[in-house]
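Below, each chain spelled out in residue letters.
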Amino acid sequence: MATAGKVIKCRAAVAWEPNAPLVIEEIEVGPPQEGEIRIKIVASSLCHTEMFHLFEGKDKRGFPTVLGHEGAGVVESVGPGVTDFKPGDKVIPVSVAHCGECRFCKSPKTNLCERSWINDHVDLMSYPTTCFTCRGQPILQFTSTGTFSEYIVINQIYVVKIHDDAPLDRVCLLGCGIPTGYGAAVNTAGVTPGSVCAVFGLGAVGLAAVMGCKNAGASRIFAVDINEQKFEKAKLFGATDFLNPKAYDKPISEVLAELTNGGVDFSIECVGNPEVMRAALESCIKGWGVSVLVGYTDVDFSARPIQLISGKTWKGTLLGGYKIKDSLPKLVNDYMTGKIMVDEFITHKMDLEQINDAINLMKTGQCIRCILNISK
């Protein structure tokens, strides 16, 4: 392409500081270096992780930054040493790495990668180096992606090539939220046919977990949320029972124990709240119950040892345990063949200039997923 090897000027939504509106700026995006790819982002979505970083995170060193990590686009150019991608390829950039060479990538037990930004820079939620500049200063690239920009540069270990016919304004959702929740059920929890499950939190990740429980054959799926307006959507994804913890004068774990003869087989926490994490564990049946933490927070959490001594398992998941190079193309194909739902998560569509409106919708619980048109 004519822009290959050159600095590109483009639009991006810049978060200059925490707890402040994003600003549409003209930024400069450098050309890809060794092992890197420059991608024209077509569509992106807004995830709770952006909300956490913007409104709840405690480290101001993570600013200024370009947020966004649920995006999809087309390869504009590639740097030296890149052989698996070419200009014109449809791709999903992902915040979870897969180098394929380290001990973690070679192990079937995990989808972690030794080369990921998560290992050393989780406080920044970004590498300290960046290809973005604006007003003469570097702008961080959130979770290595930064998809609220028309162009990004990213290492090839974070990029997945997908089917040429995949609709980018849909499959961008497969970059984080859907595989995180869906994989939490089918991979990390290992939901079994005929089992009883409870999903705490009915945002996009929780709804995807409900879908995973259903597709794994669960006989009963409790959808737990304090916002009862989300119950109808949860029913669409397969939930069978609906509980609002505020409607009871006892802990929700006790309510679930009474309804299930001792507790659920699998619980999945998709809120990122320590109290909910504990409630999800306590809702599991002793002896074999499994509880999975999905929601992110940076504060401590706790439980009584007897919860684990009694035979329960407490575990966490990152991107639903999926190794991105192996699994995301398959998930895209599963969507295109009707095996998993994606369109049903989308409640709003907006242009990049409306990013602050999208943030307000997410913040007030009115939005499951908003698709942002990034490139005109």
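Treat the numbers as computed from the prediction; the structure is a model and nothing was measured.

K.L.:
Looking at this model, I keep getting lost on the UniProt feature "domain: Alcohol dehydrogenase-like C-terminal" (unreviewed entry) in the protein. Mind explaining?
P.N.:
The sites that UniProt annotates as "domain: Alcohol dehydrogenase-like C-terminal" (unreviewed entry) are residues 204-328. Taken end to end, residues 204-328 is 36% helix and 16% strand, and its two terminal C-alpha atoms sit 17 Å from one another.

K.L.:
Would you explain the sheet that holds strand S15 (residues 290-293) in this entry?
P.N.:
Backbone-to-backbone hydrogen bonds join strands into a sheet, with any given pair of strands oriented parallel or antiparallel. Here we have six strands laid out as an open sheet, ordered S13-S12-S11-S14-S15-S16, and parallel in their pairing. Strands at the two margins of the open sheet, each flanked by one partner only, are strand S13 (241-243) and strand S16 (313-316). With direction set aside, neighbouring strand axes in the sheet form an average angle of 20°. When S15 meets S16, the two strands line up parallel, connected through four bridges. In the strand pairing of S16, serine 291 is matched with tryptophan 314.

K.L.:
Looking at this model, I keep getting lost on the pairing of strand S2 (residues 23-29). Mind explaining?
P.N.:
The pairing of strand S1 (residues 8-15) with S2 spans seven bridges and is antiparallel. Opposite valine 14, over in S2, you have valine 23 as the bridge partner. As paired elements, S2 and strand S7 (residues 132-134) share two bridges and run antiparallel to each other. Opposite glutamate 28, over in S7, you have threonine 133 as the bridge partner.

K.L.:
Looking at this structure, I do not really get the pairing of strand S5 (residues 70-78). What am I missing?
P.N.:
One face of the sheet, then the other: side chains in a regular strand alternate in exactly this way. The buried count for S5 comes to seven of nine residues, which makes it a mostly enclosed element. Looking at chain direction, strand S3 (residues 36-45) and S5 are connected through eight bridges and run antiparallel. Bridge pairing in S5 links isoleucine 37 to valine 78. Across two bridges, the pairing between S5 and strand S6 (residues 90-93) is antiparallel.

K.L.:
Please explain unusual backbone geometry as it appears in this structure.
P.N.:
For residues that are not glycine, phi is negative in most cases, and the peptide bond is trans in most cases. Of the consecutive residues phenylalanine 63 and proline 64, the connecting peptide bond is found in the cis state with omega at -5°. Checked against the element boundaries, proline 64 lands in the loop between helix H1 (48-56) and strand S4 (65-66). The phi angle at serine 144 is positive, at roughly 75°, despite the residue not being glycine. You can see serine 144 is positioned in the loop between strand S8 (137-141) and strand S9 (151-155). Despite not being glycine, leucine 319 shows a phi value in the positive range, around 50°. By secondary structure assignment, the location of leucine 319 is in the loop between S16 and helix H10 (324-336). The class of leucine 319 is buried, set by a relative accessible area of 4%.

K.L.:
I would appreciate a short explanation of the nonpolar core in the present structure.
P.N.:
Most often, soluble globular proteins keep nonpolar side chains buried together rather than apart. If you look at the biggest cluster of nonpolar residues, it comprises 57 residues, and the most contacted ones within it are Val171, Leu174, Val191, Cys213 and Phe345. Per-element tally for this core: the top contributor is helix H5 (residues 204-215), with eight residues. Discounting residues that sit within four places of it in the chain, cysteine 213 has contacts with Ala185, Val191, Cys197, Val199, Ala218, Ile221 and Ile268.

K.L.:
I keep staring at the environment of glutamate 232 and nothing clicks. Help me out?
P.N.:
Turning to its location among the elements, glutamate 232 is positioned in helix H6 (residues 231-237). For glutamate 232, a relative accessible area of 60% corresponds to the exposed category. Note: C-alpha distance between glutamate 232 and phenylalanine 242 (ten residues apart in sequence) is 9.3 Å.

K.L.:
Explanation requested: the packing of H1 against helix H11 (residues 355-363) in the structure shown.
P.N.:
Relative orientation and spacing of two packed helices are given, respectively, by the angle between their axes and the distance between those axes. The geometry of H1 relative to H11 is characterised by a closest axis approach of 11 Å and an angle of 95° between their N-to-C directions. Between H1 and H11, the interaxial angle falls into the category roughly perpendicular. Seen from H1, the contacting residues are Met51, Leu54 and Phe55; seen from H11, they are Ile359, Met362 and Lys363. Among the residues making up the contact of H1 with H11, the classes are represented as five nonpolar, no polar and one charged.

K.L.:
So what exactly am I meant to see when it comes to the packing of aromatic side chains here?
P.N.:
One pair of aromatic rings is described through two measures. These are the centre distance and the angle between the planes. Counting across every chain of the model gives five aromatic pairs. Between phenylalanine 231 and phenylalanine 242 the ring centres are 5.5 Å apart and the planes differ by 35°, which places this aromatic pair in the tilted class. Taken together, the residues phenylalanine 231 in helix H6 and phenylalanine 242 in strand S13 connect sequence positions eleven residues apart. Seen in terms of ring centroids, phenylalanine 301 and tryptophan 314 are 5.1 Å apart; in terms of plane orientation they differ by 90°. Their pairing is edge-to-face. Of this pair, phenylalanine 301 sits in the loop between S15 and helix H9 (306-309) while tryptophan 314 sits in strand S16, placing them 13 residues apart in sequence. Here phenylalanine 301 falls in the partly exposed class, since its relative accessible area comes to 43%. Sitting over the ring of phenylalanine 55, lysine 363 keeps its end group 4.0 Å from the ring centre.

What counts as what
Residues numbered from 1 in each chain as written. Predicted model: local features only at pLDDT ≥ 70, side-chain atom pairs only at ≥ 80, totals over all residues. Heavy atoms only, no water. UniProt positions renumbered as here; feature names shortened; annotations may be inferred. Helix = DSSP H or I, 4+ residues; strand = E, 2+ residues; numbered from the N terminus. Pairing = 2+ DSSP bridges. Axes fitted to C-alpha atoms, helices over the stretch in contact; angles between N-to-C directions. Buried < 20%, exposed > 50% of the residue type's maximum accessible area, 1.4 Å probe, protein only. Core = buried A, V, L, I, M, F, W, Y, C linked by side-chain atoms within 4.5 Å. Contact = heavy atoms within 4.5 Å. Parallel < 35°, antiparallel > 145°, perpendicular 65-115°, else oblique. Nonpolar A, V, L, I, M, F, W, Y, C, P; charged D, E, K, R; others polar. Phe/Tyr/Trp six-rings, centres within 6.5 Å; stacked < 30°, edge-to-face > 60°. Lys NZ or Arg CZ within 6 Å of the ring centre and 35° of its normal.

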